[in-house]
Amino acid sequence: MELAAFAERARAIEAESADGEIRERVTDLLTAANDDLPVVARYVQGRVFPAHDSTKLDIGPSLCYEAIAKAAGRNVAADDVEARVADVGDVGEVAANYDFGGQQGLAAFGAGGGQSDDDGLTVAEVDADLRDLAAVEGSGSTDTKRDILFSLFNRSEGDEARYLARLVLSEMRIGVGEGAVRDAIADAFDVPVEAVERALQVTNDYGEVAVVAREEGGSGLESLGLEIGRPVGAMLAQAGTVTDALDDWETAAVEWKYDGARVQVHHDPAGGVGDGAGESDGPNDRTRLFSRNMEDVTDPLPEIVEFVEDALDAPAILDGEVVAVADDGSPLPFQEVLRRFRRKHDVAKAREDVTVEFRAFDCLHAAGDDLLDDPLVDRHDRLEAVLGEAGAPALSPLHLSDDPDEIADIDAEALDAGHEGIMLKNPESAYTPGRRGKNWLKRKPDVETLDLVVTGAEWGEGRRAELLGTFLLSARTDDGFETLGKVATGITDEELEALSDLLEPHVLSEDGADVDVEPAVVFEVGYEEIQPSPTYSSGYALRFPRFLGVREDKDPDDADSLERVERLAERQ
Ligand code: AMP
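The numbering scheme is per chain: residues are counted from 1 as the chain's sequence reads. Reporting of local features is limited, given that this is a predicted model, to residues whose pLDDT is at least 70; pairs of side-chain atoms are given and counted only at 80 or more, and all residues count toward the totals for whole chains, interfaces and linings. Hydrogens and waters are ignored; side-chain quantities use all the structure's heavy atoms.

1. Re the site of the ligand
Inference 1: Neighbouring residues are identified by heavy atoms, a residue being near a molecule or strand if any of them is within 4 Å of it. Around the ligand lies a shell formed by E255, W256, K257, Y258, R262, R292, E321, F361, M423, K425, W440 and K442.
Inference 2: By the criterion applied in these results, polar contacts are pairs of N or O atoms within 3.5 Å in which, for protein atoms, one can donate a hydrogen and the other can accept it, and in which residues neighboring in sequence qualify only through two side-chain atoms. Taking R262, its side chain carries an N or O atom lying 2.9 Å from an oxygen atom of the ligand.
Inference 3: Separating an oxygen atom of the ligand from a side-chain N or O atom of E321 is a distance of 2.5 Å.
Inference 4: For accessible areas, the Shrake-Rupley method is used with a probe of radius 1.4 Å. Any residue's cover is judged against the shown protein chains and nothing else. For the ligand, the protein covers 85% of the area, taking 500 Å² as the surface of the free molecule.
Inference 5: Of all elements in the fold, only β2 (252-257), β9 (421-425) and β10 (436-443) reach the threshold of two or more residues within the shell around the ligand.
Inference 6: Strands are runs of DSSP state E lasting at least 2 residues, helices are runs of H or I lasting at least 4, and numbering of each runs from the N terminus. Top element by residues in the shell around the ligand is β2. It accounts for 3 residues.

2. Some details on the side chain of D362
Inference 1: Relative to the helices and strands, D362 resides in strand β6 (residues 355-366).
Inference 2: Within the structure, D362 has its side chain in polar contact with the side chain of R379 (distance 2.7 Å).
Inference 3: Any pair of residues with heavy atoms lying within 4.5 Å of one another is described as a contacting pair. Not counting chain neighbours up to four residues away, the residues in contact with D362 comprise L318, D319, L376, R379, L383, Y431 and W440.

3. What about helix α19 (residues 376-391)?
Inference 1: In this model α19 runs just 19 Å from its N-terminal to its C-terminal C-alpha over 16 residues, more than 12% under the 22 Å that 1.5 Å per residue would give.
Inference 2: At A385, α19 shows its maximal bend, which comes to roughly 40°. One less than the residue count of a helix, multiplied by 1.5 Å, gives the span that helix is expected to have. A residue's bend is simply the angle between two axes: one fitted to the seven residues ending at it, one to the seven starting at it.

4. So, the pairing of strand β16 (residues 522-526)
When a strand is regular, its side chains alternate between the sheet's two faces.
Inference 1: The cut-offs for exposure are 20% and 50% of the maximum accessible area for each residue type, with area from a 1.4 Å probe on protein chains only; residues under the lower value are buried, those over the upper are exposed, and the others partly exposed. Extensive coverage of β16 is indicated by the burial of 4 of its 5 residues.
Inference 2: Any two strands with at least two DSSP bridges between them are considered paired. Where strand β11 (residues 450-459) meets β16, 4 bridges bridge the pair, whose relative direction is antiparallel. Along β16, the bridge assignment pairs L450 with V525.
Inference 3: Across 4 bridges, β16 lies against strand β19 (residues 546-550) in antiparallel orientation. In the sheet register, E524 faces β19, and the bridge partner there is G549.

5. Focus: unusual backbone geometry
Inference 1: A positive phi angle, close to 50°, is found at N34, a residue other than glycine.
Inference 2: Taking the relative accessible area as the measure of exposure, N34 reaches 51% and is therefore exposed.
Inference 3: Phi is positive for A367, which is not a glycine, with a value near 45°.
Inference 4: Here A367 lies in the loop between β6 and β7 (369-370).

6. Thoughts on the pattern of salt bridges
Side chains that differ in charge, positive against negative, can pair when their charged atoms come close.
Inference 1: Whenever a carboxyl oxygen of Asp or Glu lies within 4 Å of a side-chain nitrogen of Lys or Arg, that contact is scored as a salt bridge. Applying the stated rule across the entire model yields 44 salt bridges.
Inference 2: The closest approach of N and O atoms between E16 and R25, which form a salt bridge, is 3.0 Å.
Inference 3: Between K56 and E295 there is a salt bridge; the shortest N-O distance is 2.9 Å. Linking K56 in the loop between α3 (37-43) and α4 (61-72) with E295 in the loop between β4 (287-291) and α16 (302-311), this pair joins segments that are 239 residues apart in sequence.
Inference 4: Salt bridges linked by common partners bring R23, R182, D183, D187, E197 and R435 together as one network.

Here's what the structure looks like:
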């Protein structure tokens with residue numbers, strides 16, 4: 001396809017505002033693309049490389065302005081281009097209005113597509129040149145990149161230059177999103193949109209999916225699978241409560257939420273996983289690591305590569321979190337991990353400064369089997385199996401529970417161990433790459449805490465029989481105190497002992513395990529929700545209350561009032 005033909009269609013698409021019209025025009029474009037289908041399917045969304053490919057053009061605005069200025073002739077400087085862009089706010093509009101092509105002689109020196117000067121540019125030539133440009137490295141690379149770009153501008157005019165400039169600066173903006181291309185692939189090649197969607201999730205490559213849809217139809221799309229070394233989008237979580245989880249699924253899979261950075265591990269003991277750029281037949285040829293944005297982060301994380309090499313002896317794709325740990329094994333804030341991710345030089349030194357470890361929570365592929373459609377619990381079993389004994393320390397435990405109190409205990413343990421809290425997952429759910437859905441919930445942090453007075457307690461059971469274990473909480477009113485919940489979670493054994501010592505002098509009466517306590521001690525309490533409830537005298541109940549600490553600085557008179565509780569309940 002000629003670049004001019006692509007540009008004309010892009011211009012027509014840009015002029016449409018209705019989704020249906022855009023979809024139709026993209027469908028026509030894909031149908032007309034012939035051999036250039038993979039490239040056109042990407043360019044129309046302003047993408048030069050597939051999403052799984054972390055190759056970058058690395059063209060900043062100034063380099064682009066210099067190339068435009070050079071193609072525009074002797075009288076134009078990069079500053080002039082910049083000033084015009086600042087004025088009209090669109091590099092495409094500026095490029096389209098220069099009169100390029102006067103530099104034919106010079107163009108021959110550019111890397112060009114090897115075409116004679118008079119030929120119109122084709123999409124394939126642009127793609128070949130942009131790939132060459134992305135591959136340029138080392139000293140003088142900026143000059144070479146500018147020359148390649150100049151040569152492309154020099155051979156383009158009007159709308160060709162408009163979309164070329166926007167493409168190389170990732171500013172295509174013709175109103176074509178991923179959904180429009182997905183739908184257009186389905187329409188153009190008469191395949192079910194669900195099959196296109198699934199194929200896009202596993203390949204992350206619009207070009208490849210478009211070609212397979214055209215050549216092999218729906219069944220071809222269905223046979224596309226994961227490929228080791230090619231990252232897929234990470235499944236994402238949304239905020240939710242324990243109540244949401246148990247209402248929807250009855251049983252929740254509960255995991256610790258690690259405060260680190262997401263990493264997808266791709267490993268094949270037989271090799272061939274590398275991108276060809278680095279060593280082959282070395283660890284990087286067998287193991288690659290990708291960030292949540294699908295950037296290759298193998299090189300900055302050698303100890304994770306070493307761990308994977310040691311633990312895995314079958315091909316696998318794992319999902320997990322890289323965490324930074326202190327010398328005593330406790331987690332460090334995630335900024336420490338990010339620092340490691342960004343490190344390009346002196347990795348060995350960085351490694352000495354901050355130790356990182358892998359926590360694996362999902363398995364997308366194991367020993368030849370794609371597991372995306374398997375239930376979470378089965379994927380976790382496969383994860384445990386592929387990690388084996390050597391990898392066991394990295395396995396993130398998964399607890400199945402239908403009991404809010406038990407979940408609260410896991411949450412308290414996670415917080416005590418220095419983690420962020422918990423994730424709640426639907427045990428039966430499939431892995432949906434790149435999607436944020438209801439099957440993974442990150443437990444909402446407590447909204448606002450309440451300072452409540454302890455007006456009762458219960459003796460514990462078993463080994464805690466000598467200690468007060470559950471505490472009745474009350475809010476202040478003008479006439480005294482009204483109850484609104486009991487808290488028993490979030491309290492360590494040591495804290496229980498201290499709390500028993502603190503409260504025993506205030507015990508008024510006992511009836512079996514129940515104890516009446518004179519209002520004296522104020523607890524800071526977290527919760528998920530305040531609900532109207534007949535169970536307590538205030539008419540409200542706290543969902544999921546958690547002990548956060550004793551407000552030693554507060555008397556019962558300073559505790560939160562029932563009025564504040566009512567206000568918070570209304571605001572939810
Ligand atoms: P957020 O970044 O707050 O949207 O929370 C979601 C992120 O938590 C995920 O993308 C992961 O990077 C991270 N995470 C930590 N632990 C887990 C876990 N056990 N399961 C899933 N995601 C986790």
